[in-house]
Every structure is written in structure tokens, then in C-alpha cells.
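If you want the building blocks of each chain, they are given just below.
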Amino acid sequence: IRAGQLALGSGGGDEVGTTLNIPILSVLALFAGILSWQALAMIESRGGMWFKAQYRRPLWATGLSNALRTHHKSTSECAEQIGRSTEQIERWLIFRDKVPVEMQDRIQTWIDMRTDELFGDVKPGADAAGKPMWAVGLKQAIDNHERQIDAEALVELLREEKRPENIERIRDWIALRLQVSPATQWRLVDLLDVPHHLLFAPELQDRHVWGIRLRRVIEDRKERTKSIADRLGLDPRQVHLWKELEEQIPPAMQERLMKVMERSFTDLFDAGDQGDDWFLPANNLTGALINADMTKEKFAHEIDVEIERVDRWSDDKEPEPIAKPTRDTIVRILGADSPNLFEEPAQIMSSEDRVGTGSGEPGSTARPAVATGLKQAMQDRGIDDAAALAELVYQRQPLQRDINRVRDWIDGKRPVPKSRQDRLIEVLETSRDVLFP
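**Q** Looking at this structure, I do not really get the overall build of the chain. What am I missing?
**A** Counting its secondary structure elements, the chain contains 28 helices and two strands. Across the 437 residues in the chain, those meeting the buried criterion constitute 43%. Considering only intrachain contacts with a sequence separation of at least 6, the fraction spanning at least 24 residues in the chain is 68%. When the accessible surface of the chain is split by element, carbon and sulfur atoms take 49% of a total near 23,500 Å².

Shown next, in the form of C-alpha cells:
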């Protein structure tokens, strides 16, 4: 057997490397005494790969976070596919544990990427290579943290000097005006115990956003919602929903809007909050229009909304709340006396009150109401405080912000969103007429 010669065939040396058993070839070559340099090189390279495959070890999930984001997969999906808990996936993502060999194989098969793209020997940290990113999840992580954290508290946690410029920098991170350096990204991951891919994104367009400044830009350009919709190839009602902050704008449409409007991302959008300034008319809007000698149709045209929306704002019993950008336009259109339309007892509402779910996702229009009978209903059921009621309403251990919100419901300082009204009626075993007379 001429083991030291490369076999003749269409594949040449490549064919030999894939069809012959390297250990056996080595033994035969040694016994034959005809070990050519080509065979030796092949044995070294193929043999090295073979031995490396036999002695794999646990690795850090250095690329898993980006892989999940790129493939639009969640940690719960990953956990279900590979047969591990969501908590364990989270520990891999924040580099608390290495990923065992078997789990590497399962993840690689599921997400269809190479091992070296997903895992590595070196644990990422403060000195790891990377690039600045937007802290798209920082606000939510702070809100959900067990401790009450603000920009000043975060400066202290990062062990930086409590100087105004440091506090302002963190506020810029939260407001998505400034990117976070690679080193600080991992410090925040450790401090907040949140996976990197939930805190940071390389581009703001990676997620749905609110068109906070969309109305103002349309007005500045002296355009109409319909003309923008026509250029986007959309129904005008969809653009109205974005402009009135009733729905978030998906990534694909963000790019098209920036091109059509000739504006940057920060000119149009806010990837953080929906905006906390929502207003209910203090008086009947119809009366204000009569005083301004303006019909509903003309008013709708002037502020660029559908006539049906003006009807909802004018409802005597349950007027629909108005976002701050639109409220500012109404004040400008109706004149100097119009701010009185939004003074007390108008309620300023948070984005949860507006959307109803508190998730920041697009939702149906909620019509909140003040629960004037809530305090008595709690006494009748033996519920002592806001914390106890919040736990029943949210069906989990309430956060401090949940308790504060429920306390405002009890004191009549904040209207109850429609989605929470039904839950209150259920847990207090009462009727709508009793809670919302």
C-alpha cells in the first residue's frame, strides 16, 4: 500500500483528506516508510482538527446576544428550544456562567450560526472590544429595578464623581441623545443585572419608536398628513395614528419617514417613552369651538385630524385624551384663551393611562375615568392601602411606581385607564356605577 503517495483522482489532495481515516493513514504510512511531505502536512492539519473536536470545553456566549437580536428571537424561545430555563439563558447572556459543550451544539443548530460566531474563550468585560451603542432599554431597566434609581443614583453606582456633567451624561443616555461607551455598557449590565441585548442596540431603528416630533415636523413643512401618507403609499389613518401617538412606528417605516420628511431620527422619533403629557379637556370642546366661531369640520382641517377624532375629544362623558404635541397645536389655533380649555380639573396622564397596557406597545384607545368610589369600595373589602390593591390589580409583586399610580387613583389625582377599570371591578367585587359614578 503506497500510503505516502497522494491518491490519483478528480479531487486530488482534498479528496484524500475527506475520504481517508487520518489515524489509519498515519499508521500505514509509518509502517510503509514512505511518508511524503504532502501526506505529513495533511495528517498534521486534519489530525489537529480531529483532536480539537474531541476536547471541546465550555465557552462564553460572546455572540449570542447579538444573534438573538439579529434573528428576532427571545430568551424564552431559546430556553424552550434547547431545554433549559430562561434564567439560565439570562445568566449566559450576562456572562455569569459559561455555556456547556452540549448546549453550544443545541444553540448552534437552532440558530444556524457557526460556533465561533456565538461563543468564545475570552469573557467580555470593561476592556472588551466593541462600539458605542444606544441604551434603548435603560429607562425600563431603571424603572423596574428593585431600588429607586435616578440619574444621580446611577452616577454613584458607577462610582463616578457626582458632578453636573456626569449626571447630565446619564440623562442623555436615558433620553437617547448620547451613546454609551463599550466599557460602560458592561458596567451597566453588571449593575442592573439585565442582559446586554435588552439594554443596548447598535441602531435606534432596531425597535418600534414613538413619533414624538412627527406632528411638529409636518406642520413646519406646511404639509398635510394625507400628502405624507400618499408618498409612503399608506392609508392616511395609519399616519394619523403615528402622529397622534396612538401607535409606535415599525423599523421599516422609520427609514422611509426620515427619507420622505428629510429629517434625522432624533428630529422625528423617540425610542424611549411615549410621553407623559396627556390632557383631558377641562370644559366641553364644542363650546370652545363655538366661542372661536369655528365648526368641527374647519377645526379638524386646521389641526390636520379626522373629524371622528374631534367628536371623541368633544364627548361630554368620556372625552378622549389629547397628546401634548396636538394640545400645543390646538392652543395655537384657538388663540390666547384656549389654554384654559386644558386647565384643572383636566388630568395629566402617563403613557400607561393612555395606552392601557403599560407595555409601551401599540394599543387601543383607552378612555380613563376618575374612580371617585374607589376609597369606599376598598374599605368595604377590607383592603387597607395602595400596595395591597396594586398587588391584586397587577397580579404580581408591585413595583413602587405601580403603588404610586394606584395611590393616585385612590386620591382622585389620576384617572383609571379602561383596561384597569374592569380589573378593579373584579377584585373589589363591585359595579362600574359604584366605582365610576
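Structure's up, so let's keep going.
**Q** I tried to follow the pattern of salt bridges on my own but got confused; where do I start?
**A** Opposite charge on two side chains makes pairing possible when the charged atoms of those side chains draw close. Overall, the coordinates contain 30 salt bridges when judged by the stated rule. Close ionic contact of Glu168 with Arg171 constitutes a salt bridge, the shortest N to O distance being 3.9 Å. Taken together, the residues Glu168 and Arg171, both in helix H11 (residues 164-174) and three residues apart, mark about one turn of the helix. Classification of Glu168 by relative accessible area gives partly exposed; the value is 36%. For Arg171, a relative accessible area of 40% gives the class partly exposed. Residues Lys324 and Asp328 are paired through a salt bridge, measuring 3.0 Å at the closest nitrogen-oxygen approach. Of this pair, Lys324 and Asp328 are both found in helix H22 (residues 324-334), four residues apart, which corresponds to roughly one turn of the helix. According to the relative accessible area criterion, Lys324 is partly exposed, its value standing at 35%. Here the residues in one salt-bridge network are Arg215, Arg216, Glu219, Asp220, Lys243, Glu244 and Arg332, joined through shared partners.

**Q** Just to check I follow, could you spell out the packing of helix H5 (residues 75-82) against helix H6 (residues 86-93) for this structure?
**A** For any two helices packed against each other, the geometry is given by the interaxial angle and the distance between the axes. Packing of H5 against H6 brings their axes to within 8 Å, and their N-to-C directions diverge by 115°. By the angle class used here, H5 and H6 are roughly perpendicular. Helix-helix and strand crossings are classified by hand; for H5 and H6 the assignment is right-handed. For the pair H5 and H6, the contacting residues are Thr75, Ser76, Cys78, Ala79 and Ile82 in the first and Thr86, Ile89, Glu90, Trp92 and Leu93 in the second. Class assignment of the residues belonging to the contact of H5 with H6 gives a composition of six nonpolar, three polar and one charged.

**Q** Even after reading the chapter, I still don't get helix H25 (residues 386-394), so can you show me in this structure?
**A** Helical geometry: 3.6 residues make up each α-helical turn, so side chains three or four residues apart lie on a common side. By the burial criterion, the buried members of H25 are Ala386, Leu389, Ala390, Val393 and Tyr394. Seen end-on, H25 carries its buried residues on one side only, within an arc spanning 115°. Positive backbone phi, at 60°, marks Gln395, one or two positions downstream of H25.

**Q** Is there a simple way to explain the packing of aromatic side chains in this structure?
**A** The description of an aromatic ring pair uses the distance of the two centres, along with the angle that the planes make with each other. By the definition in use, this model includes one aromatic pair. An angle of 55° between the planes, with centres 5.0 Å apart, marks the rings of Phe95 and Trp186 as tilted. Here Trp186 lies in helix H12 (residues 182-192) and Phe95 lies in the loop between H6 and helix H7 (101-111), a separation of 91 residues in the sequence. As far as burial versus exposure is concerned, Phe95 and Trp186 are alike and both buried.

**Q** What is the right way to read unusual backbone geometry from this model?
**A** One non-glycine residue, Lys222, lies in the positive phi region at around 55°. Among the structural elements, Lys222 can be located in the loop between helix H14 (214-220) and helix H15 (225-232). Using a relative accessible area of 75% as the deciding quantity, one classes Lys222 as exposed.

**Q** Whenever I open this one, the nonpolar core confuses me. Can you help?
**A** The nonpolar side chains of soluble globular proteins are, as a tendency, buried together. One finds Leu138, Leu154, Leu188, Leu199 and Phe200 to be the most contacted residues of the largest nonpolar core, which totals 24 residues. Elements with a minimum of two residues in this core: helix H9 (138-144), helix H10 (151-157), H11 and H12. If one sorts the elements of this core by residue count, H12 sits on top with four residues. By size, the runner-up hydrophobic cluster in this structure holds 22 residues, among which are Ala377, Val416, Leu424 and Leu435.

**Q** Teacher, can you tell me more about the side chain of Gln104 here?
**A** Tracing the backbone shows Gln104 in helix H7. Residues in contact with Gln104, not counting those within four places in the same chain, are Arg56, Arg57, Pro58, Leu59, Val99, Thr115 and Phe119.

**Q** Got a minute to help me understand H12 in this structure?
**A** Among all positions in H12, only Pro182, Thr184, Gln185, Trp186, Leu188, Val189 and Leu192 are buried. A positive phi of about 55° marks Asp193, the residue just after H12.

**Q** Could you clarify how one ought to interpret the packing of helix H20 (residues 296-303) against H22 in this entry?
**A** Orientation of H20 relative to H22, taken along the N-to-C sense of each, is 120°, at an axis distance of 10 Å. Taken together, the axis directions place H20 and H22 in an arrangement best described as oblique. Considering how the two elements wind past one another, H20 and H22 form a crossing that is right-handed. Contacts from Phe299, Glu302 and Ile303 in H20 reach Thr329, Ile330, Ile333 and Leu334 in H22. Here the residues of the contact of H20 with H22 sort into five nonpolar, one polar and one charged.

**Q** Which parts of the structure should I look at to understand the environment of Glu308?
**A** Within the secondary structure, Glu308 sits in helix H21 (residues 307-313). Spatially, the C-alpha atom of Glu308 lies 9.6 Å from that of Lys296, the residues being twelve residues apart in sequence.

About the criteria used
- Residues numbered from 1 in each chain as written.
- Predicted model: local features only at pLDDT ≥ 70, side-chain atom pairs only at ≥ 80, totals over all residues.
- Heavy atoms only, no water.
- Helix = DSSP H or I, 4+ residues; strand = E, 2+ residues; numbered from the N terminus.
- Buried < 20%, exposed > 50% of the residue type's maximum accessible area, 1.4 Å probe, protein only.
- Contact = heavy atoms within 4.5 Å.
- Areas by Shrake-Rupley, 256 points an atom, 1.4 Å probe, with all protein chains shown as cover.
- Salt bridge = Lys/Arg side-chain N within 4 Å of Asp/Glu carboxyl O.
- Axes fitted to C-alpha atoms, helices over the stretch in contact; angles between N-to-C directions.
- Parallel < 35°, antiparallel > 145°, perpendicular 65-115°, else oblique.
- Left-handed = near helix turned anticlockwise from the far one by under 90°.
- Nonpolar A, V, L, I, M, F, W, Y, C, P; charged D, E, K, R; others polar.
- Arc of directions from axis to C-beta.
- Phe/Tyr/Trp six-rings, centres within 6.5 Å; stacked < 30°, edge-to-face > 60°.
- Core = buried A, V, L, I, M, F, W, Y, C linked by side-chain atoms within 4.5 Å.

So, to be careful, I would describe these as geometric facts and stop short of saying anything about function.
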